[in-house]
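Coordinates in review
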Amino acid sequence: MKFVTFEKPDRSIRAGWLLNEAYAVDMSEATDGRLPCNLIGFLDNSEENLKIAAALSLTNDHKGVYQLSDLHLKAPLPNPRSFRDFYAFEQHVKTARENRGLKMIPEWYEIPVFYFSNHLAIKGPGEEIIKPLDCEWLDYELEVSCIIGKSGRNISAAEANDYIFGFCILNDWSARDLQRKEMKVGLGPAKGKDFSTSMGPWIITKDELENLRTGKGFDLSMKARVNGVQLSKGNLKELYFSFGEMIERASAGVTLYPGEVIGSGTVGTGCILELGEKVHRWLKPGDKVELEIENLGILENTIIEEKR
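Overview of the structure. (Residues numbered from 1 in each chain as written. Predicted model: local features only at pLDDT ≥ 70, side-chain atom pairs only at ≥ 80, totals over all residues. Heavy atoms only, no water.)

Structural notes on the overall build of the protein chain
The helix and strand inventory of the protein chain stands at seven helices and 23 strands. Here the C-alpha radius of gyration of the protein chain, 19 Å, is about what a compact globule of 308 residues would show, namely 19 Å. Once the C-alpha set of the protein chain is aligned to its principal axes, its extents read approximately 60 × 45 × 30 Å. A total accessible area of about 14,000 Å² is found for the protein chain, and carbon and sulfur atoms account for 49% of it. Of the charged side chains in the protein chain, 38 are positive and 46 negative, and the gap between their average positions amounts to 4 Å. (Helix = DSSP H or I, 4+ residues; strand = E, 2+ residues; numbered from the N terminus. Rg over C-alpha atoms; globule rule 2.2 N^0.38 Å. Areas by Shrake-Rupley, 256 points an atom, 1.4 Å probe, with all protein chains shown as cover. Lys, Arg positive; Asp, Glu negative; His and termini not counted. Charge placed at Lys NZ, Arg CZ, Asp CG, Glu CD.)

Structural data, given as structure tokens:
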């Protein structure tokens, strides 16, 4: 199933799932309130709620069904409980460091590392991304996120799949000049990242991808385009650390809760920092960025100027 959050013609915000790619089901309306109206509430009891949703999706009951053309899709999880972004693709890390004259550090291969970003600055498909005032080196990042579907602590990598609800495209926007300066101090990233993160257009449940599992990831092509020109191309199967290993690291000594987001980090070639300015300049207002991942859809955003 593909879960979405959307704004209805009456301006109310609701959540549900896609039906035949042309319709969306308001899950609360369709079940007379048995299912909640938002995805965070759904995830709080995801195993039971998913059974209800799956059973209803197989019926011919059309209550609470709306044409997608009449709706405005929002970020599927507009208010995640937290957002951890990992650094799990070797090619990206290696090339980005080489471009700065740095060698790989042995510790990177020992543990999957992450940082926390701003879970209150989530944007959805079609939403505008405001370029920070002091940023001249604005970048996109082509990533996949997994959504935690039940609580757990000290979760092993082997058991981690039981805690995953689904997957979604993620764009970890980066102000590279701000990031570079603050990280010289030895802390961060912070202001280089906290202004915006895009997710969408839907969250696909993990069962939909099971037949594509290979290596430590999934055989899903990943592409990024700026103003219609493809710049990035990779595959989720290139992960060095699996989502299971990321979850094991994130949950070590810490309880993970439903609605927390785990980002993969950038796939190889998946950002301008890695490609270099000879391939493409930094992003500027007016640029349209599209991330496309097999089965996960297309996530498109346009850059705008901050109003002073």
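There is more to say after this.
Side note on the layout of surface pockets
Within this model, the largest pocket holds a volume of roughly 880 Å³. Along the wall of the largest pocket there are 34 residues; nearest its centre are Tyr 87, Arg 100, Gln 179, Met 183 and Leu 273. For the lining of the largest pocket, the secondary structure elements donating two or more residues are strand S6 (82-86), helix H4 (90-98), strand S7 (114-116), helix H5 (176-183) and helix H7 (272-275). Each residue belonging to the lining of the largest pocket can be placed in one class, and the counts come to 16 nonpolar, six polar and 12 charged. (1 Å grid on protein atoms, 1.4 Å probe; cavity = no way out; pocket = protein on both sides within 12 Å on 5 of 7 lines; lining within 4 Å. Points joined across faces, edges and corners; volume = space filled by probe spheres on them. Nonpolar A, V, L, I, M, F, W, Y, C, P; charged D, E, K, R; others polar.)

Details of helix H3 (residues 46-57)
In a regular helix each residue adds 1.5 Å, so 12 residues correspond to 16 Å; H3 covers 16 Å between its end C-alpha atoms and thus fits that length. All of the buried residues in H3 are Ser 46, Asn 49, Ile 52, Ala 53 and Leu 56. Angular distribution of buried residues about the axis of H3 spans 130 degrees; they occupy a single face of the element. (Expected span 1.5 Å × (residues − 1). Buried < 20%, exposed > 50% of the residue type's maximum accessible area, 1.4 Å probe, protein only. Arc of directions from axis to C-beta.)

Here's the deal with the pairing of strand S3 (residues 23-26)
One face of the sheet, then the other: side chains in a regular strand alternate in exactly this way. The sheet contact formed by strand S2 (residues 13-19) and S3 spans four bridges and is antiparallel. Residue pairing across strands places Gly 16 opposite Asp 26, the latter belonging to S3. Where S3 and strand S4 (residues 65-67) come together, three bridges link them in antiparallel fashion. Of the residues in S4, the one forming a bridge with Ala 24 is Tyr 66. (Pairing = 2+ DSSP bridges.)

Notes on the side chain of Asp 287
With respect to the helices and strands, the residue Asp 287 is situated in the loop between H7 and strand S22 (288-293). Note on Asp 287: relative accessible area 3%, which makes it buried. Within the structure, the side chain of Asp 287 is placed 2.9 Å from the side chain of Asn 227, a separation counted as a polar contact. Here Lys 284 takes part through its backbone nitrogen, which lies 2.8 Å from a polar atom of the side chain of Asp 287. Each residue touching Asp 287, except ones within four places of it in the same chain, is listed here: Val 226, Asn 227, Arg 281, Trp 282, Asn 301, Thr 302 and Ile 303. (Polar contact = N/O pair within 3.5 Å; in protein donor to acceptor, adjacent residues only side chain to side chain. Contact = heavy atoms within 4.5 Å.)

Some thoughts on the sheet that holds strand S19 (residues 229-235)
With mixed pairing, the five strands of this open sheet are ordered in space as S9-S23-S22-S18-S19. The open sheet has two edge strands with one neighbour each: strand S9 (128-131) and S19. In this sheet, neighbouring strand axes are inclined to one another by 20 degrees on average, regardless of whether the strands run parallel or antiparallel. As paired elements, S9 and strand S23 (residues 297-305) share four bridges and run parallel to each other. When the sheet's bridge partners are listed, Ile 129 is paired in S23 with Ile 303. (Axes fitted to C-alpha atoms, helices over the stretch in contact; angles between N-to-C directions.)

Re the side chain of Asp 85
Looking at where Asp 85 falls in the secondary structure, it is placed in strand S6. We note that Asp 85 is buried and unpaired, the nearest opposite charge coming from Lys 193 at a distance of 5.5 Å. Within the structure, Asp 85 has its side chain in polar contact with the backbone nitrogen of Gly 265 (distance 3.4 Å). Beyond its immediate sequence surroundings of up to four residues, Asp 85 is in contact with Val 113, Phe 114, Tyr 115, Glu 143, Asp 172, Gly 263, Ser 264 and Gly 265. (Salt bridge = Lys/Arg side-chain N within 4 Å of Asp/Glu carboxyl O.)

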